[in-house]
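Each chain is listed here by its residues.
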Amino acid sequence: MINKITHKILAVSLAISSMMPIFVINVFAADYSIVFGNTPPSIVNFNSPLSSSSTSGFVAVTSKWNQPRSSGTNPHNGVDLQAAVNTNVYAPYDGWLTAISVTGPYDIDFLVDANNNNIQDDGDYHIRFYHMNSREPTGKKSKGALIGKSGSQGTSAAHLHFGICSVSDGLKWLRNELNYRHLSSTNWNSGKDLDAYAQVQWNNNNTASITAYIMNDGVKEHFSDVRMYYRTTTSGAWTDGGAITRSGDIYNYNFSGKVPSGTTVQWMMRILRSGVSQAAFCPAKFYQPDNNPNASSYAYGYWTNTVR
């Protein structure tokens, strides 16, 4: 009788499990290739690349810069915008269009003329556009000029992948939000919709602060865990300062009582997304770093401030 009951329970369990969806969480191998940088050489007011004017083109962001995700480059190295095949793509600023081929034959590297002097003297200041379906002739383009059409080259779904980059010492993807802070809160939330973290601040001489959230196919989500790591010497181990409580979209960490006044701290935050094993860090640096910064001798990125 016991065996029969056991078999019946097992049969029911198997039947139920066969009807349930299987959720797979990808596990990413650690990779310390440096693919992220920090701020661009200068801050100027960019347009959306999907509009010839400064007042439109603020379409849904499907994936942010440095956003953890379940496939592809992880964290994400640029910004994905919702765009059907053959959507017009425009120059966000004055600059020079160069033809490249990374995800397809019509990709674009765009050198920014931040000084507006028609001279290529603005430093290592580029914008990349991927998955393009066509590209305009190379050369100087004015802000708002047509530079090509979006597509699905090298990807399964049409969208525009773009982002600010440096290229002289290997391709590194930089923060985008700063060049869109001039926008209103109704347009990409003043740029905060573009990067996984934004508005990095050191407040009241003791509090580290970031604004952070996810854009998942145009829908805003919050991270499942944002955690502080800090140390007081360049060669010391990272101290796990614990999870940070969110207030709206803002994460504040007060160092008062954690270290003595006058202490210089190096700090970073680790951000985790529900259902994704790979964490991202702010500041961003590596392609796929270990989620534990003490698990490797590689030097993670950090900010430095003195507690008063």
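Just so you know, the residues in each chain are numbered from 1, in the order the chain's sequence is written. In view of the model being predicted, local features appear only for residues whose pLDDT reaches at least 70, and side-chain atom pairs are presented and counted only at 80 or more, with totals across whole chains, interfaces and linings using the full set of residues. With hydrogens and water set aside, each side-chain value is computed from the structure's full complement of heavy atoms.

Caption draft 1: Highlighting the side chain of Ser166. Relative to the elements of secondary structure, Ser166 occurs in strand β11 (residues 160-166). Only protein chains enter the accessibility calculation, which uses a 1.4 Å probe. A residue is then buried if its area is under 20% of the maximum for its type, exposed if over 50%, and partly exposed in between. For Ser166, a relative accessible area of 14% corresponds to the buried category. If sequence neighbours within four positions are ignored, Ser166 has contacts with Asp124, Leu171, Lys172 and Leu174. Elements are defined by DSSP. Helices are runs of H or I of four residues or more, strands are runs of E of two residues or more, and each kind is numbered from the N terminus. Contact definition: two residues touch when any of their heavy atoms are within 4.5 Å.

Caption draft 2: Local environment of the UniProt feature "domain: M23ase beta-sheet core" (unreviewed entry) in the chain. UniProt positions are given in the numbering used here, feature names are shortened, and annotations may be inferred rather than shown by experiment. Within this numbering scheme, the UniProt entry marks residues 75-165 as carrying the feature "domain: M23ase beta-sheet core" (unreviewed entry). Here residues 75-165 runs as 0% helix and 45% strand, with 15 Å between its end C-alpha atoms.

Caption draft 3: Main features of the confidence of the model for the chain. The pLDDT averaged across the chain works out to 91; a share of 91% of its residues lies at or above 70. The pLDDT score gives, residue by residue, the confidence of the prediction method on a 0 to 100 scale. Under a pLDDT of 50 for its full length, residues 1-25 has, in the predicted model, 3 contacts with residues more than four places off or in other chains.

Caption draft 4: Representation of the packing of aromatic side chains within the structure. Two rings belonging to Phe, Tyr or Trp (six-membered ring only in the last case) form a pair when the distance between their centres is within 6.5 Å. Interplanar angles under 30 degrees mark stacking, angles over 60 mark edge-to-face geometry, and anything in between is tilted. Counted according to the given criterion, the structure contains 23 aromatic pairs. Ring geometry for Phe36 against Trp65: centres 5.6 Å apart, planes inclined by 90°, an arrangement best described as edge-to-face. Of this pair, Phe36 sits in the loop between β1 (31-34) and β2 (61-63) while Trp65 sits in the loop between β2 and β3 (79-81), placing them 29 residues apart in sequence. Of the residues examined, Phe36 reaches a relative accessible area of 3% and is grouped as buried. Taking the relative accessible area as the measure of exposure, Trp65 reaches 0% and is therefore buried. Through a chain of ring-to-ring contacts, the aromatic side chains of Phe36, Trp65, Tyr197, Trp202, Tyr230, Tyr253, Phe255, Trp267 and Trp303 assemble into a single cluster. Whether a charge sits over a ring depends on NZ of Lys or CZ of Arg being within 6 Å of the ring centre and within 35 degrees of the ring normal. The ring of Tyr213 has Lys220 lying over it, and the distance from NZ or CZ to the ring centre is 4.5 Å.

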